[in-house]
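Coordinate inspection notes
Spelled out from the first residue to the last, the chains are:
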Amino acid sequence: MRVVVTRPQYSGERTIRRLTQMGHEALLLPLAALVHHADEARRALLDTQGAIAVTSAEAIRVLAALGSDLGPYLGRPLFAVGKATAKEAASLGFTNVVISEGGGTELAALISDHAASLAKAPLLYLAGHPRAAGFEARLAELQLPFHTVECYRMRDIAPKDDILRRLFIDISANAVLLYSHQTAQRFFGLSFVQENPEIFAETHFLCLSEAIAGAIPPQMRLHVDIADMPNEDRLLALLDAE
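Residues numbered from 1 in each chain as written. Predicted model: local features only at pLDDT ≥ 70, side-chain atom pairs only at ≥ 80, totals over all residues. Heavy atoms only, no water.

Our next topic: the packing of helix α5 (residues 104-113) against helix α6 (residues 134-141). Look at α5 against α6: their axes get within 7 Å of each other, and the N-to-C directions meet at 35°. The way α5 lies across α6 gives a crossing that is right-handed. Across the interface between the two elements, Gly-104, Thr-105, Leu-107, Ala-108 and Ile-111 of α5 pack against Gly-134, Phe-135, Arg-138 and Leu-139 of α6. (Axes fitted to C-alpha atoms, helices over the stretch in contact; angles between N-to-C directions. Helix = DSSP H or I, 4+ residues; strand = E, 2+ residues; numbered from the N terminus. Left-handed = near helix turned anticlockwise from the far one by under 90°. Contact = heavy atoms within 4.5 Å.)

Quick look at the structure:
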């Protein structure tokens, strides 16, 4: 299948490699660029103690920029969403990594099961902007103390119409992978997409969650599939069913 990946450049290239190995023709369409704020992460680590939480591997990449300065913090418990994020954390030297296979709400529940990790200090959540509200909302519901620090931001990218025309008219991509609600909003907010809905009549939109699928306009929900768990393995598995 011809599959459009809407992730930022770094993570998108990783997905492209996976899709190519699976035998698909993978096409990268970044809709956002990442801006790192390593100094914010540095100050957050210095000003806090205790457990850390990350819901994206991007936060780990911000920490990687700290180099040897990260050393004193590598023994702190780190709670992560997904194996890929946990693997990157371990590669930096974190020695106490706990993995959630679900999304943010599942991570909060997992942290609740390890409440002793928060006995001495609130959880430090190294987050991005914008982000889904589920993780922080669930932490609050569970009455788990936390402190959020934004250490990276997403800057919107608006692809030129000729790029979109090549992907969806000239090449006629079969599927689009959508990884976040914000990404879906960016895609369906593009003027080219809004002005040419008919060319997406046979396009399959594969979503990481129900919330992401909710950002798809009703008239374009002819072929929507949702991963049974919010991770990339389950998302890519949907391609086998197409």
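Alright, that's what it looks like, and here's the rest.
With that settled, consider the pattern of salt bridges. Applying the stated rule across the entire model yields 15 salt bridges. The shortest N-O distance in the salt bridge between Arg-7 and Glu-232 comes to 3.1 Å. Highlighted residues: Arg-7 in the loop between β1 (2-5) and α1 (9-21) and Glu-232 in helix α11 (residues 232-237), separated in sequence by 225 residues. Taking the shortest distance from any N to any O, the salt bridge between Asp-233 and Arg-18 comes out at 2.8 Å. Of this pair, Asp-233 sits in helix α11 while Arg-18 is found in helix α1, placing the two residues 215 residues apart along the sequence. On the accessibility criterion, Asp-233 (42% relative accessible area) is partly exposed. Since its relative accessible area comes to 29%, Arg-18 is described here as partly exposed. Each of Arg-7, Arg-18, Glu-232 and Asp-233 takes part in one network of salt bridges that share partners. (Salt bridge = Lys/Arg side-chain N within 4 Å of Asp/Glu carboxyl O. Buried < 20%, exposed > 50% of the residue type's maximum accessible area, 1.4 Å probe, protein only.)

For the rest of this paragraph, the subject is the packing of aromatic side chains. Counting across every chain of the model gives eight aromatic pairs. Ring centres 5.0 Å apart and planes at 85° place the aromatic pair Phe-187 and Phe-188 in the edge-to-face group. Taking relative accessible area as the criterion, Phe-188 reaches 6% and is therefore assigned buried. Aromatic side chains Phe-188 and Phe-205 sit 5.1 Å apart centroid to centroid with 65° between the ring planes, which places their arrangement in the edge-to-face category. One end of the pair, Phe-188, is in helix α8 (residues 181-189); the other, Phe-205, is in strand β10 (residues 204-207), with 17 residues separating them in the sequence. Side by side, Phe-188 and Phe-205 carry an identical accessibility label, which is buried. Aromatic rings pair up to connect Phe-168, Phe-187, Phe-188, Phe-200 and Phe-205 into one cluster. Its guanidinium or amino end placed over the ring of Tyr-179, Arg-7 lies 4.2 Å from that ring's centre, counting from NZ or CZ. (Phe/Tyr/Trp six-rings, centres within 6.5 Å; stacked < 30°, edge-to-face > 60°. Lys NZ or Arg CZ within 6 Å of the ring centre and 35° of its normal.)

Now for the sheet that holds strand β4 (residues 52-54). With mixed pairing, the six strands of this open sheet are ordered in space as β3-β8-β7-β4-β5-β6. Bordering the open sheet on either side are β3 (32-36) and β6 (97-100), each of which pairs with just one other strand. When strand polarity is set aside, the average angle formed by the axes of neighbouring strands in this sheet is 25°. With four bridges connecting them, strand β5 (residues 78-81) and β6 associate as parallel partners. Bridging from a neighbouring strand, Phe-79 pairs with Val-98 of β6. Strands in contact with helix α2 (residues 38-47) are β3, β4, β7 (123-129) and β8 (146-156); relative to β8, the strand with the most contacts, it is inclined by about 175°. (Pairing = 2+ DSSP bridges.)

Moving on, we get to the sheet that holds β10. In space, the five strands of this open sheet follow the order β2-β1-β9-β10-β11, with parallel pairing throughout. With one partner strand each, in any of the chains shown, β2 (25-28) and β11 (224-226) form the two edges of the open sheet. For this sheet the average axis-to-axis angle between neighbouring strands, irrespective of direction, equals 25°.

So far we have only geometry, and geometry alone does not tell us how the molecule works.
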